[in-house]
Structures are given as C-alpha cells and as structure tokens.
Amino acid sequence: MLHPHRKRTHKLGLPPGSLVYVGERPNTEVTLSVIRFSEDVLESTTATDVPELARRLQQPGTFWIDIDGVHDVGLIEQIGRLFHIDPLTLEDIVTTTQRPRFSDDGDHLFIVTRELSFDAAKRVIRHEQVSMIVGKHVLLTFQERPGDVFDIVRSRLRQGRGQIRQRGPDYLAYALLDVILDHYFLVMDEVGEETARLEEALLSDTADDAQSRLNRLRRELILVRRAVYPVREQLHAFLRSESPLIHPETRPFLKDALEHARQIADTMDALRDLLTSLTDQYTSDLSRRLNEVMKLLTIISTIFIPLTFIAGIYGMNFRYMPELASPYGYPIVLLVMLGIAVSLLMLFKRRGWL
Amino acid sequence: MLHPHRKRTHKLGLPPGSLVYVGERPNTEVTLSVIRFSEDVLESTTATDVPELARRLQQPGTFWIDIDGVHDVGLIEQIGRLFHIDPLTLEDIVTTTQRPRFSDDGDHLFIVTRELSFDAAKRVIRHEQVSMIVGKHVLLTFQERPGDVFDIVRSRLRQGRGQIRQRGPDYLAYALLDVILDHYFLVMDEVGEETARLEEALLSDTADDAQSRLNRLRRELILVRRAVYPVREQLHAFLRSESPLIHPETRPFLKDALEHARQIADTMDALRDLLTSLTDQYTSDLSRRLNEVMKLLTIISTIFIPLTFIAGIYGMNFRYMPELASPYGYPIVLLVMLGIAVSLLMLFKRRGWL
Amino acid sequence: MLHPHRKRTHKLGLPPGSLVYVGERPNTEVTLSVIRFSEDVLESTTATDVPELARRLQQPGTFWIDIDGVHDVGLIEQIGRLFHIDPLTLEDIVTTTQRPRFSDDGDHLFIVTRELSFDAAKRVIRHEQVSMIVGKHVLLTFQERPGDVFDIVRSRLRQGRGQIRQRGPDYLAYALLDVILDHYFLVMDEVGEETARLEEALLSDTADDAQSRLNRLRRELILVRRAVYPVREQLHAFLRSESPLIHPETRPFLKDALEHARQIADTMDALRDLLTSLTDQYTSDLSRRLNEVMKLLTIISTIFIPLTFIAGIYGMNFRYMPELASPYGYPIVLLVMLGIAVSLLMLFKRRGWL
Amino acid sequence: MLHPHRKRTHKLGLPPGSLVYVGERPNTEVTLSVIRFSEDVLESTTATDVPELARRLQQPGTFWIDIDGVHDVGLIEQIGRLFHIDPLTLEDIVTTTQRPRFSDDGDHLFIVTRELSFDAAKRVIRHEQVSMIVGKHVLLTFQERPGDVFDIVRSRLRQGRGQIRQRGPDYLAYALLDVILDHYFLVMDEVGEETARLEEALLSDTADDAQSRLNRLRRELILVRRAVYPVREQLHAFLRSESPLIHPETRPFLKDALEHARQIADTMDALRDLLTSLTDQYTSDLSRRLNEVMKLLTIISTIFIPLTFIAGIYGMNFRYMPELASPYGYPIVLLVMLGIAVSLLMLFKRRGWL
Amino acid sequence: MLHPHRKRTHKLGLPPGSLVYVGERPNTEVTLSVIRFSEDVLESTTATDVPELARRLQQPGTFWIDIDGVHDVGLIEQIGRLFHIDPLTLEDIVTTTQRPRFSDDGDHLFIVTRELSFDAAKRVIRHEQVSMIVGKHVLLTFQERPGDVFDIVRSRLRQGRGQIRQRGPDYLAYALLDVILDHYFLVMDEVGEETARLEEALLSDTADDAQSRLNRLRRELILVRRAVYPVREQLHAFLRSESPLIHPETRPFLKDALEHARQIADTMDALRDLLTSLTDQYTSDLSRRLNEVMKLLTIISTIFIPLTFIAGIYGMNFRYMPELASPYGYPIVLLVMLGIAVSLLMLFKRRGWL
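Values in this document were obtained by computation on a predicted structure and should not be read as measured data.

## Section: the interface of chain D and chain C
- Contact residues are listed per partner, giving 58 residues for chain D and 60 residues for chain C.
- Summing the contributions of chain D and of chain C, the shared interface buries around 5500 Å²; its carbon and sulfur component is 63%.
- Between chain D and chain C we count six salt bridges in total.
- The salt bridge involving Asp266 of chain C is made with Arg99 of chain D; its shortest N-O contact spans 3.0 Å.
- Our count for the contact surface shared by chain D and chain C stands at 15 residue pairs in polar contact (both at pLDDT 80 or more).
- For the side of chain D that touches chain C, the elements supplying multiple residues, two or more each, are α3 (87-94), α6 (210-228), α8 (251-313), α9 (322-325) and α10 (329-350) of chain D.
- Top contributing element to the side of chain D that touches chain C by residue count: α8 of chain D, with 16 residues.
- Here the residues of the side of chain D that touches chain C are counted per class, giving 30 nonpolar, 14 polar and 14 charged.

## Description of the interface of chain B and chain C
- Tallying the contact residues gives 60 residues for chain B and 56 residues for chain C.
- For the pair chain B and chain C, the two sides together bury roughly 5500 Å², of which 63% comes from carbon and sulfur.
- At the junction of chain B and chain C, the tally comes to six salt bridges.
- For Glu259 of chain B, the salt bridge goes to Arg101 of chain C, with nearest N and O atoms at 3.6 Å.
- Looking at the side of chain B that touches chain C, the elements that each hand over two or more residues are α4 (151-159), α5 (169-203), α8 (251-313) and α9 (322-325) of chain B.

## Quick look at unusual backbone geometry
Residue and element names in this part refer to chain C.
- Non-glycine residue His84 carries a positive phi angle of around 55 degrees.
- Structurally, His84 can be placed in the loop between α2 (73-83) and α3 (87-94).
- Of the residues examined, His84 reaches a relative accessible area of 65% and is grouped as exposed.

## What about the pattern of salt bridges?
- A complete count under the given rule lists 114 salt bridges over all chains for this structure.
- A salt bridge links Glu43 of chain A to Arg36 of chain A; the shortest N-O distance between them is 3.1 Å.
- Residues Glu128 of chain B and Arg145 of chain B are paired through a salt bridge, measuring 3.7 Å at the closest nitrogen-oxygen approach. A residue pair is termed long-range when its members are at least 10 positions apart, and Glu128 of chain B in strand β6 (residues 124-134) and Arg145 of chain B in the loop between β7 (138-143) and α4 qualify at 17 residues.
- Look at Arg145 of chain B and you get partly exposed, because its relative accessible area is 28%.
- Beyond isolated ion pairs, a larger network of salt bridges with shared partners links Glu259, Arg262 and Asp266 of chain A together with Asp92, Arg99, Arg101 and Glu233 of chain B.

## Details of the sheet that holds strand β2 (residues 41-47) of chain C
Residue and element names in this part refer to chain C.
- What the seven strands build is an open sheet, ordered β2-β1-β3-β7-β6-β5-β4; its pairing is mixed. Looking at which strands have only one partner, the edges of the open sheet turn out to be β2 and β4 (101-104). This sheet shows a mean twist of 20 degrees between the axes of neighbouring strands, independent of strand direction.
- Looking at chain direction, strand β1 (residues 31-38) and strand β3 (residues 62-68) are connected through seven bridges and run antiparallel. If you follow Leu32 over to β3, its bridge partner there is Ile67.
- Along the sheet, helix α4 (residues 151-159) makes contact with β1, β2, β3 and β7 (138-143), crossing β3 at roughly 150 degrees.
- Across the sheet, helix α6 (residues 210-240) touches β4, β5 (109-119) and β6 (124-134), and the angle it forms with β5 is around 145 degrees.

## Here's the deal with the relation of the copies chain B and chain C
- The two copies are related by a screw operation: chain B maps onto chain C through 72 degrees of rotation and 0.0 Å of translation along the axis, at an RMSD of 0.0 Å. Taken together, these values place the two copies in the relation of a five-fold axis. When C-alpha distances to the rotation axis are compared across chain B, the minimum falls at Gly315 of chain B, with a value of 4.6 Å.
- Of all interface residues in chain B, a mere 15% are interface residues in chain C too; the two copies therefore contact each other through different surfaces.

## A word on the environment of Val342 of chain B
Residue and element names in this part refer to chain B.
- Mapped onto the elements, Val342 comes out in helix α10 (residues 329-350).
- Of the residues examined, Val342 reaches a relative accessible area of 39% and is grouped as partly exposed.
- Between the C-alpha atom of Val342 and that of Asp105, which follows or precedes it by 237 residues, the distance is 86 Å.

## Things to note about the arrangement of the chains
- Nothing in chain A touches chain C; the tightest C-alpha to C-alpha distance between them is still 9 Å.
- Between chain B and chain D there is no contact, and the shortest C-alpha to C-alpha separation is 9 Å.

## Focus: the relation of the copies chain D and chain C
- Expressed as a screw operation, the relation of chain D to chain C combines 0.0 Å of axial shift with a rotation of 72 degrees, fitting to an RMSD of 0.0 Å.
- A distinct binding surface is used by each copy, with only 16% of the interface residues of chain D retained as interface residues in chain C.

## Topic: the pairing of strand β5 (residues 109-119) of chain B
Residue and element names in this part refer to chain B.
- Across the 11 residues that make up β5, a large majority, 10, are buried.
- Pairing analysis gives four bridges linking strand β4 (residues 101-104) to β5, with the strands arranged antiparallel. In the strand pairing of β5, Ser103 is matched with Phe110.
- What sits between the antiparallel neighbours β4 and β5 is a turn of four residues, in which Gly106 has the positive phi angle 95 degrees.
- With 11 bridges connecting them, β5 and β6 associate as antiparallel partners. The residue bridging Ile111 from the neighbouring strand is Met132, located in β6.
- Connecting β5 to the next strand, β6, in antiparallel fashion are four residues, including Arg123 with a positive phi near 50 degrees.

## As for a negative patch on the surface
Residue and element names in this part refer to chain B.
- Where like charges cluster on the molecular surface, the negative patch consists of Asp86, Asp104, Asp105 and Asp107.
- For Asp86, the position within the fold is in the loop between α2 (73-83) and α3 (87-94).
- The exposure class assigned to Asp86 is partly exposed, which follows from its relative accessible area of 31%.

Here is what the cut-offs are and how they apply
Residues numbered from 1 in each chain as written. Chains lettered and ligands numbered in written order. Predicted model: local features only at pLDDT ≥ 70, side-chain atom pairs only at ≥ 80, totals over all residues. Heavy atoms only, no water. Contact = heavy atoms within 4.5 Å. Buried area = accessible area lost by both parts, 1.4 Å probe. Salt bridge = Lys/Arg side-chain N within 4 Å of Asp/Glu carboxyl O. Polar contact = N/O pair within 3.5 Å; in protein donor to acceptor, adjacent residues only side chain to side chain. Helix = DSSP H or I, 4+ residues; strand = E, 2+ residues; numbered from the N terminus. Nonpolar A, V, L, I, M, F, W, Y, C, P; charged D, E, K, R; others polar. Buried < 20%, exposed > 50% of the residue type's maximum accessible area, 1.4 Å probe, protein only. Pairing = 2+ DSSP bridges. Axes fitted to C-alpha atoms, helices over the stretch in contact; angles between N-to-C directions. Least-squares fit on C-alpha atoms with pLDDT ≥ 70 in both. Patch = residues over 30% accessible without salt bridge, like charges linked within 9 Å, V, L, I, M, F, W, Y side chains within 5 Å. Areas by Shrake-Rupley, 256 points an atom, 1.4 Å probe, with all protein chains shown as cover. Lys, Arg positive; Asp, Glu negative; His and termini not counted. Charge placed at Lys NZ, Arg CZ, Asp CG, Glu CD.

Here it is, written out as structure tokens:
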C-alpha cells in the first residue's frame, strides 16, 4: 500500500533551497541516460558525470536526459547549476513527497507528477515521483528508482514512429505524461476488476475476507486519489501556460491529455461510489445474517424451553403428584408438548419466520 | 449492469492519434448508411466502402452518414482522411470509454455522448458510445453496434415532419441528442418505478430480496450518472460555442435540450436521495426486527429459565428434602411458578414489551 | 406523496415543439377565465373558446387569463398562436414535469414553477405545475387542475387592495409567485410540526411508527426540495433580467421574493439536518434498547443456567452419590446456589448493569 | 430549543408590505427608548408615542431609537412613515423569521440579525430578531422583547468610553453587531463546554443520558447555525457597500467584525465535526458493549448447556442404565464435566474472549 | 488535546481595540528578545522595557523583536504605540483565538498563525498563537509562551547560512512561517504513524483500545485542521499582496510555502479519509465479531436444547412410561440424541456456519 506521508523530519529547519533527499533511499547508483534526437538522428548513451553531460550538450539536436535516482543531492546540485535551475525547484525534485503540479519560471517548465504502476506479482500499486524540466532543447526527467513505464516512448523514439522525433521537448514531456496517464487507466482497471470480483463474492455469500479486501481497496483508492486528482489542475495549468516553450502544435495533445485526466477522475469517483455502496452492502449483509442466526436461536429456544420446563415439572420428586400415578399422564403430557410445539411453529410460520 | 471501466490495456503507449479499438468487439460488420436530404428530397442508401461514400458526397444536399461499428479502425481512418478529421478525434471515436463532451476544432464540431436504453426483456440498461461530427453539409455519427434509438428521427426525416429537412447538420445533431435525452428520461422512469416498487415492498415487510435490489439500483445509478451528468456541461459548451456551423435558429433548441439535461440531473439527484433514504430504512428495519426477535427470546427465556430452575430443585434426589413429603408441596410450587410467570408478564407489559 | 418522475414515455421522439400532454389526465374541462382590470375597472368573465378570448382582448386594460387544465393540447396550440408563443415554450407548458425556471424570449417572459399545498384532510402535499407568460398587457397562467391558491390575489384585485390594480402583468406575476412562496412556508410549517411531533414521540419511547413517519417525511422533503430549490435561481434570473416587460417599481418586490425563497431554502436545509439527526437518534435508540434487552437476557441466563446445572447434578440417578444421603446436603446446596446468585448479582451491580 | 420555523399561516396572501406580526406575541407594551448623543452630550429618555418622538428628533445630535416589541404594527407603521421606510422593509421587521441580511435602499441601510443568548438558569439558548435601520443621524433598532445584550453599549455611551460618541449611527450599528457576535462566542463556549463534558462522560462509561444530550446539542447547533452562518455574508455585504452612510473610519471595524464572524463559523464547523465524532463514538460504544454482553452470555451458555445436558442424561429414569450402578459413575461424570468446562474455558482464552 | 474554543467571556462588550488577554495565563514573565542583523553584523540581546527597545532601534540594520508572552497587555500597548500599530490589530494579538490570516494596513503586514508541535513525551499536540508584524526594517513576533520552534532560524541567522541575513523582515517572516509549516509536516507524520499503527492493530484483532485511539485521532485532526486549513488562504493573500514591504525576491519563496501548505492540506484530507475508513472498519469488525459470537451461541443452543429436552422427558417420574422399562430404551435414546446432534451439525456445515 502507498503511504500517505513520508517522514520529512530530517529536513526540518534548513534554509529553503537546501537539498536533502526525502524518501526511501534505494541501493542503486544514480544513472544519467542521455538520448539525443532529431528528425533523422537518434543517439542513446549514458553519461558518467555532469561535465561529460555538459560536453554532450554541445552537439545539435533535442536532448532527453533521464536521471534515475535523486538521492545523490550533490549530483542534482551540479545538474541544477548546469541548467540554471532554481534551488527551490531542485529542492522539490529531491523531496519526493510533492503533489502533482506545473510551474513556469520563464526559462523552464517544471512538472511534478506521480507514476503509478500495478505490480501484478505482489498485487500492490507502486508509485514513484517523476519530475520533468522542459528547457529549450532539453527535457530533464528525474525519477526515484531505475525502471519506469517510459520504455514505450523510448522505442517510439528509436523507431521514429509518430511525430515524436520531429517535435521538441514539450511534446516529449507530453508523451511521457500520456504514458503515465495510460498507467493510471491500468491501475483503475485493476481496482475496478477487484471491485467487480468483490461484488460477486458478496453476492454469493462466500466472501470471508470481504471486509479486509474492501478496506484495502478503499485505502488504496484514497492514496491513488492523492496522486491522480491534482493532475487535472496540473494539465489545465500546462495547457493555459503561455510559455514560448510550448509549441502551438503541442496544445491539442495537452487538451487530449486533460480530457483523459478528467476521465480518470470520473472513473475514480465512480469507483469510490461503488466501494461505498459495497461497504454499505457488506454491513447490511452482516445485519441480515445476524437476524437469521438470531431467528433460528429464538425459534429453537422458544419451542424447547417451555417444553423442557414441563418435563422438569414432572421430573420433580414430590410424593403427592396425582398426575404421575395416572396411566394417561405420560401420553397426555406428550400430547400437550406436541400441541405447544405445533402451535408455536404455526405462529412462527404466520409471522413469516420460517 | 454497465461497467464503470473498460480495459484499455492493449492501447498502452502507442503514439497519440493511434487508432486501436477499445471496447467489446461485436460480431457484426460495419455498415455505412447514408441519408441525403434537402427540403424536398430524401434518399437513403448504404455505402459499401469509403470511395463509394466519397462519390455520393458529390451530390447536393445535406448528408447524414451513420457508421454502425467502430472496431474496423482501417475504415475509420479512411473516413477520417476523407473528412479531414483530426487523428486525436478519431482516436476518441474508437476508444469507447469517453466521457460526454463537446469540442470544436474550427472545421468540425465533435460531440461524444452515451446512448442509454432499457432492455425490458432482460431488465438491464444498455449503453453505447455515440460520437457525432458536424461538418458544413454533413453529419457523421459513429455507433458501437447496429440498432439504435434514432429510428424516430429517420422516420421524421422520411415523412418530412417538423423542420428537420429544412435545417442543416447542426439541427440534425440536436435532434439525435434530443432523442438520446428522451431515452434518459425513459431509463429514469424505469429506475423510478423500481424504486417505488421497492419502497412498497419494504413497507409491506415482504421484500426478501430488497437488499440485492437496492444494491443493484444504487450501482446502476452510479453508472448511469457517469453518462448523464457531464451532458449538462456538454450542452452548455455546445450552446456557448460561436462556431458558424451552428445556425442561430438551432440555438433555442439547444437551450431547450440543456433544460432537459438539467431536469434529468435533478431527477437523478432525487432518485439517489430516495435510494439513500430507502437504504437507511432497510438498515433500521433490520435493527427493528432484530429487536423484536430478541425481545421474544428474552421474554420466553426470562419467564421459563427461573421456572425450570425451580423444577430442577425439586427434581434433586436428596434424601432429606422436607418439601417433597408435604402433600401441599406440589400445588404450592405450581402456584409459586404461576406467580412468578404472571408477575414477569406484568413487568414486561408495563415496560411495553408485550 | 409527490412522484419524483412522471412517465414521459409516450412523448418519445416527436419533433421538438410537438404538444403532447405529459401528466395525469384530469376529468375536468379546460376553463378559460379572463380578468380585465385597470385602476378603476375590474371585469371577471369566462371565455368559451379562443376566438371569444381574442375578441375580449380588444378592450383596454390589463388581462389575466387563467387556463385551468393543459391536457387539451389543441386549445393550448390555439392560445399559442393567438399570443405568438414559441412552440418550445408551449411544449414545456403541457409537459408538467418541468423544473422551475425563468426565461425571456424578448416578447414574453416565461415562468414555470410548482404550486405546493398541504391537503390537511388527507395529510398529503399536493403539487401542480403553474406556467406563466408575461406579455405587454396580459398575463397568461396555465395550471394542471381547477382549484388553486390564487383566490387571495383575485380578491385583492376585486377589492382593489394594495397596488395590484395600478400595476402591470409583471407585478401580477410577482403577486402570484409570492402567494406560491407563502404556501411553501405553509408546507414547511407542516413538515416542521410533524418533525417536532416526531421528536417528542421519539423522546417518550412511544413511537412505534416512528420509522415509517421518519421515512415518509424524508421522502416528502426530497420531493419538495426539487420544487423549491431552483426557485432561488429562477427569481434571481427574473430579477437580473433586463426585459422592458419588468417595470422598475416591480424590482424591489422581486428582491423581497428572492429573500423569501432563500429563507425557504434555509428552512429546508435545517429541516433536512433535523431529520437526519432524528434518523440517527432512532437508529441509536434501537441499539440502546437492544442492549437493554440483551442485558436482561444475559443477567437471567448467567444467574439461572449455572444454578439449573447444579440442580441437574443432584437430579442424576447414580446409586453412589454420597451428598444425597447427607441430611445437610439439601440446605447446603441451597445455600451454595444462593451464594452464587448473590455474588453474580453483585458482579452485575458493580459492572453497572443493574 | 429554538424552532426552525414559526407559523406564518395567518399572513397568507396579504398584499406585499402588509404589516402582520409573525412570532410569539409577548405580553409587554412596546417601549420607545431614545438616546441622543454627541461628543459631549448624552440624553436618554423614553418616548410615549411617535409624534413625541418626531419632536425629539428636532434636536441636534445622533439618535439611537430602540423599539422593544414589534407586535404593535400600527406603531411600526407610524415609525415607518416618520422615517420614510419602505413598506417591504417594515414587513420584514415585523416578520420575525428573517434570515440575517444586509440591504441598502439608498436612504437607509437595513440590517436584520438574530441575537442569541444563553439562559444559564434554564440552560436554553434564547434568540430574538434584531433589525437595524441606519439613517443619516439616526439608528433605529427593533427587538422582539424587552431585555437585550446591549446594556454594555449603553454604558459605553453613557461613560463616553472609546470612540462611540464621536462617531455616527454606522459605528453604533457596528458596535451593536459586535456585541451580538460576542454573544455568539458565548453560546459557542457553552456548546463547546457541554461537548467536552459529554466527551468525558462517554469515556467514563457513566453517561446514561448521553444520547439525549448529544441529540439536544446537535439540534441546537443546527438551529444556531441558521442564525450564525449568514452573518458572514451579511457583514461582507455591509463592508462592500458603497453607501455614503458608512464612514471610511468604520470600515476597519467592519472588517474586524467579519473576521470574528468567520472565526465563529469555523468554531461552529469544528463543533459540528466533534459532535459527529461523538455520535459515531456513542454508536460504536453501544456495539462494543453489546458484544461484551453477548460474549458473556455465550461463554456461560456454551459451558453450562452441555453440562446440564449430561446431568439430564443421568437424570433419566431408564431401568437399565449400567453407568448408574457403578460406584465410579458419579465421580467420573463429574470429572468429565470438569474436563469439558476447562477445555471450553481454555478455548475461549485462546480466542481472546476472556 | 487542543480545545476548539477558549472562553472569551471576560472580554464581553468592551469597546473594540480594548486589550484584554484571552487565553491561558502562563506563569512566566514577558521577555523582549531583540536580534539586530545585517549582512555582516548579528547582535542578539534582551530588552527590559519598551523605552530601552526604542533606543536600540536607533541603530542601523534589520530588527527581529520577539515578544514571548502576550498576557501583559500594558506592555503590548506600549509596543503598539512605539510601532504605530492599529489597536484592532493589538486586540487580535492578545486574543489568542484567532484563525490564521494575513492583512495589510499599508504600513505593516499582519500575520496570525498557529504553531503546532508534537510533545513526544506526553504524546500530545501543543499549539500556540504566533502573530507577526512586518514593518520596514523590523519584524515583530508575538508568542504566547517562551519556547518555540524558531531556534533553527536563529542559528541560521547566527551562522549566516543561506540568504537570511541579506534579506529583509519579509523574508524573515517567510522563514518563520516555513519552519511552522515544517512542524505541521511533523505533526502530520505523527498522526500518520499512529494511523498506520492503528490500522495494523485492527487487522491483528488485538486492539482493545482501538476505539478510544481512533476517537482521539479524529478529534485531534478536527482541531489541527482548524489551524492548518486557513493557512493556504493566508499564504495566498500574502503572495497576492502588492505591499512594497514584500520584496520581489521573496515571492518565489512564498509560492513555495503556499505549495507546502497545499501539500499539508492534501495530506490532512487523506488522513481524514483514512480515519473514516478505519472507523467504518472498526464498526463492521464489531458486527462481524458479534455475528461469530452469536453463531457459536446459536450452534450450541440449537444442538443441546433439544437434547436436554429429550433427557428431560425420560427424567419424568410418570409411573407408566413403557420406554423406561425396556432394556433398549437407554441406548436407543442415546442413539437418537447422537442422530439429532449429527444431523444438526451437518445442517450447520451445509449453511457454512462451521
């Protein structure tokens, strides 16, 4: 399950713009992968340090520099200096608890978002902060861990499919956001299917773990919502921005992405309503079953307790109990008992309890 | 029941504008039906392919081209090229999970909406995505499956009733939207009647399946809401649009349709509130009945358990139990028991339990 | 109880502006009552048909034409032609499921609203759609059934009280709306008093039908809300309208009516909150009572079940049970039983169950 | 408790501006107290009728005319004529069911608000409608009953403390509103303390009347909210108004009062959330206790019912029951019973029920 | 726990601008600590009275005057006169129940906020009102008690880290707000961790005090929310303000702080949703357990009550009971009992109760 918060304790009270990594520290090295492309060129390499990166940037073309790992704050600072990135922005990149947003400081566009992916093996939703900086000829992406959902974009770049190579870093940023949104749909699909499974299980009365599955789903949805809801606002700001870094041809795509984000939020709302409805159903189901159990107990008790009492009467050892001596005593008592039982059963039948 | 989501998995990561059909794949062929009309002409044919369609369009008049089936993406692409439709729009047409919306790209108006209809035989609500493209002399409609709710409009066209033949594709689009809205009213009617039936059943204590019917209704309403709510926004955008494709005479009709959409949303809200109220009623009904059951059990137990205990006392086999030898022992014990029973009954009466 | 929806089925798919009556068909004839008034004249007659109505309109003065019954669509169409009313507006008049609204088509103001009245005999809230068309010298009112709440206005007209005769149809429309609003207050009063009665009944534990009364109230409020809430919006539009048909002197009255509508909505909200609070109270009351019932059962069972067991022990017929032969066996067992009962009672006392 | 509604029945259908008193009719006479003040003069008298009042107004200075009692509509009408007050405004003054609002008709400012005070003796919240009319040199206040919260302002006037004597009627109106707001804080304090007491009572399990106290509090808060919430809006309108009757120096004070109103609304929201949380706590507390009660019953029953059955077996009078003759029969059965009891206890212990 | 309200009783009815301390009265003396700094100077002293403070202010540089304790209203008044602070503002400073806000009176910026800190020893959240007044060369901070969260800023000032010494009082105010926001994150962390612990405890069925912990958390969150939510609005006003007291270079920092405030509000919302979900879980958990308890009771009762009845039958002392004499009577009855028990067990098994 995602965590709604991450400890920020150790960051307390540093001057603003101080770079302190906030998040789980992965065991991996930071990698700097550089993709240089233009309409007819594509070159994919890995830089070992920032000076080497600076040399690469001398070449013509558009650059996509993907930094996997933001826990090496020294490196992030060097990169920040190389691209003249505002310290406050750098701070946000290494503090991996940002809410999705878009900002524009004139020279760069800054986009923070969360990548969600469903780990089918462990049946958990993974999330990771992805920050993007759109410059004139360069797109920087910062991710927490190696491994991402962008391979599809890389292969589109490699194969030159679509318009991706002809366009600038703004379109590339859009393409990455679009893939992230597509994975939100995937996560929704998983949650939706689990909801459907749960609904079926509740109908067939076989769901012993229904409660815990419901609760898990509700909590997952709460946490996914935090990542997904602000994306509409973010894309709206992206679309509205009058930055010259956004080419007019990119805008229709942003509009389309915004529409997707709205669809995701709608689906999220419907899923939440469905889960609420399932929770209500589960609760009233519990009540209904309790009623049934108690009805059975009451029927059994109401019939047998008086009968046992009668048997108890004639089990008393009083010396003078005239009925005991009568040869008809026993059959009469049995008949009386039968009569009581039958009339009670009829009463229950009439009340609709049987 | 409608599904709040459809799998989009296989679409993942394609460049934007890629046409991949998302939805259930029907077994049917795609049909291209063409209706050409003007004030005094009406010609209704079926085109077999896009070139033939293109030839037909040479003729004068207004065209309504209805494409039944959007899973043949090759065909959709050809149509897109013929009418210069934006690839992103084409993508939305074949992705049958859109939320209702209106957009205007200058040359065309694009309207996505959901058609709801109540299948009385199976007692389910069917839904289908309907996309419309309004051009200068042509209205394109894209539907998922053959069979729709538009026959009434076709017959109005055929008979030349109303103003429908004198007007352009914008009015035709309105007329189709209006029929779709009318079917929303129908679906509301069905839900409303089921709600009323359920309410009556709850009052008469005979509703064993009340819970499942309630839950089914609530979930249906959640899913219908997703289709219906954004329609207000959509019609508002349609009405506000300053596109020259919308004739001034069409606007009052759009205003009227917007008013209908508002009415539907109001009805939806009232139905939701009614269902919430019914759910609360069902739950407190369960509690009330449990109380009654438990009261009976408690009355029976409270009366007979002490009596059985007394009988048990005199059923003990102690040699020295003076009461047993007394000739009045038995009647006295019976009287004591009667006394206890009567006083307990009076106590319950006073507490209002009987 | 009001119905949240009325069947619109038979209207399906007609061209817009088609007049089909939607609503319950009353058995009564449509009546056309005409009141002609000016500062010193008042003439109240009944027209038998539309041509006669047209002749009457030749006379000077202001006209209030009240049409009681909208199911005779032919008549409505004739009236529409006489006053040049838009077919879409006529359609809304005969479709008695409109939500309250105000619209202005330049020549006329169109007001749809719902009249609520409390039928004290049957203890139900009646409702009726009232449409008004404000023209230059004429006010048309369309009602579903004969019998309305406007007699007070008629008598004010007759007696010339207030400013009503000096003013035009806009003021008359306001006066009618004001009376309708006053009846909303009356309906609120009734609901409020029933709420207060219910609250008292819940406090005194005597409310066996509390649940059904609560549910009836909640549902009534849901349906009343649909009629009442949009009135604020409607009056706001009326007030904001720059139509020359609204005289400046009428505006302060509209402002006042708007303030009343806000007050009604506030009262409605408070009533809804009160009902929610009563529902919660009823539910927790059920739980509290169940707890009491179960406590009694548990106390009785916990005390007597072990005692009965002890009696059962000494009721066994084993040949060798040394206690049975002892002369102190019986009193000792009785004392032990007493001891157990007393200590259990003390335990319950300490736990606060007694 | 406050009433969410007051009967308006007897007002029905009068022409607008008709003065009919709506509210409880107090037994007291209406008093007209007049305070005339300027920086160095203060004269406090009581006028017996309106002509006398008119004479007094000839004198120089600022006037505060406080009318205690609005049920004498003849008097109110006279006052209205004297100060040229709009009949609709007069109607609102005598209809003591207004929601707080501010309006400006050019010559006067009209302020309606509700005065809340906590009657410590009867532990109820009292409320009263206070209307104010701000004129050029005069402030009129209309109250329902004698006795108010304004004595503090009167003594400030008398002692010339603060700036109150140097300023005009607008500042005086502010000062009165401020005192009313201060009493809202007092009422909040009372509700807050009762909430805290209730919370403690719930924690210590001693609250037998918790439910009724909770319900009383919730309903009081609903009714207080109706008085308090619109005050923000009202003060905002007051502050925004560009009337020359409001001196620039008064505006910072209005801003301050608005801030107080916001604080009160915030406190109200927090109190409501606290009460909701307490209600939930009470409900789940009931469930928790029921669970405990039922656990005890189940433990006792589960242990003793089987044992009693075994005792019953050996209490049967069959002639051939070999166990009965055995000298070890009795001790063995006792041991078996003990074994069953112990193993059941251990089972319950392991399940955490003991 | 924080208190949602503090008594304001003793303030009632004083003229606006009257200084009366509202809050708990600490036992400490008020201290006036003065920090004078410029790019290369830092001087930290304590003033004993206001005249001494006035002398200090003659020196060049930027001043941070921190007043610890606002209960000495005389002193506050002197300070107010020294810095020409508006009496209404002074009143707000000593009334420690303000909601966070920003205001600008031209000469000063006035910021009220609440400092939250988690006292790990007592496991409570402490809160304190902090007011700031930003002047041209001076920042005044007013706190309720000695001891605060600002030591980190003091040490940054002392060490000259970051830009803090080069900038003016506006930046210093931002730096203090930023530290306060950082402590909100800390408090969120604590609440979040307690939530996670609670969630785990609920899953492992070991949480006997779950209910009280849940309720404590919910109430704490309600009270924290009151402090935290208005901060977004406050920082928005700060950022939007066009006061020349705010240097352009400070604005990006304010933007960043606003982003943090939004993040905090988001986290708060997610925490609240999580707590609601946990509460629902706890409630349905109680129901589920009750069901289990009742099932056990019902199974035991349903099996043994009929068997005990049979044993009771043959425990009766009728002289003529043929079965008793039969040598097979006893074993047959035992077999019948076994048969009943087994068939009931199988029935329960089939119903899924076992």
